[in-house]
Amino acid sequence: MNVELDENVVHSRLARCFELHEVGRELALTGLRMRFPKATEEEIWQKLREQVSLRRRGKWGIE
């Protein structure tokens, strides 16, 4: 099976994927800041790491 990829299409789709990742991360951080208004930035990032870790364990069974 021979698949030809257009470099411009691949680049634009990867760029969109990274942009969506950035938007999702900012939304998650904003939500955490709203839920924990007195938390420091370090505490917010720690809470984000904890949430991601719990999600990964629940979804894929990863420890």
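Treat the numbers as computed from the prediction; the structure is a model and nothing was measured. (Residues numbered from 1 in each chain as written. Predicted model: local features only at pLDDT ≥ 70, side-chain atom pairs only at ≥ 80, totals over all residues. Heavy atoms only, no water.)

1. So, the packing of aromatic side chains
In total, this model carries zero aromatic pairs according to the counting rule given. Positioned above the aromatic ring of phenylalanine 36, the side-chain terminus of lysine 47 is 4.2 Å from the ring centre. (Phe/Tyr/Trp six-rings, centres within 6.5 Å; stacked < 30°, edge-to-face > 60°. Lys NZ or Arg CZ within 6 Å of the ring centre and 35° of its normal.)

2. Digging into a nonpolar patch on the surface
On the surface, a cluster of nonpolar side chains totalling about 740 Å² of accessible area is made up of Met1, Val3, Leu5, Val10, Leu14 and Phe18. Examined against the element boundaries, valine 3 turns out to sit in the segment before helix 1 (7–35). (Patch = residues over 30% accessible without salt bridge, like charges linked within 9 Å, V, L, I, M, F, W, Y side chains within 5 Å. Areas by Shrake-Rupley, 256 points an atom, 1.4 Å probe, with all protein chains shown as cover. Salt bridge = Lys/Arg side-chain N within 4 Å of Asp/Glu carboxyl O. Helix = DSSP H or I, 4+ residues; strand = E, 2+ residues; numbered from the N terminus.)

3. Observations concerning the pattern of salt bridges
Scanning all chains against the criterion turns up two salt bridges. In this structure, glutamate 22 engages arginine 25 in a salt bridge whose closest nitrogen and oxygen atoms are separated by 2.8 Å. Taken together, the positions of glutamate 22 and arginine 25, both in helix 1 and three residues apart, correspond to about one turn of that helix. Among the residues examined, arginine 25 registers a relative accessible area of 31% and is labelled partly exposed. The residue glutamate 41 makes a salt bridge to arginine 33 at a minimum N-O spacing of 3.0 Å. (Buried < 20%, exposed > 50% of the residue type's maximum accessible area, 1.4 Å probe, protein only.)

4. Observations regarding the environment of leucine 32
Structurally, leucine 32 can be placed in helix 1. C-alpha separation for the pair leucine 32 and leucine 20, spaced twelve residues apart in sequence, amounts to 18 Å. Beyond its immediate chain neighbours, meaning those up to four positions away, leucine 32 contacts Ile44, Lys47, Leu48 and Gln51. (Contact = heavy atoms within 4.5 Å.)

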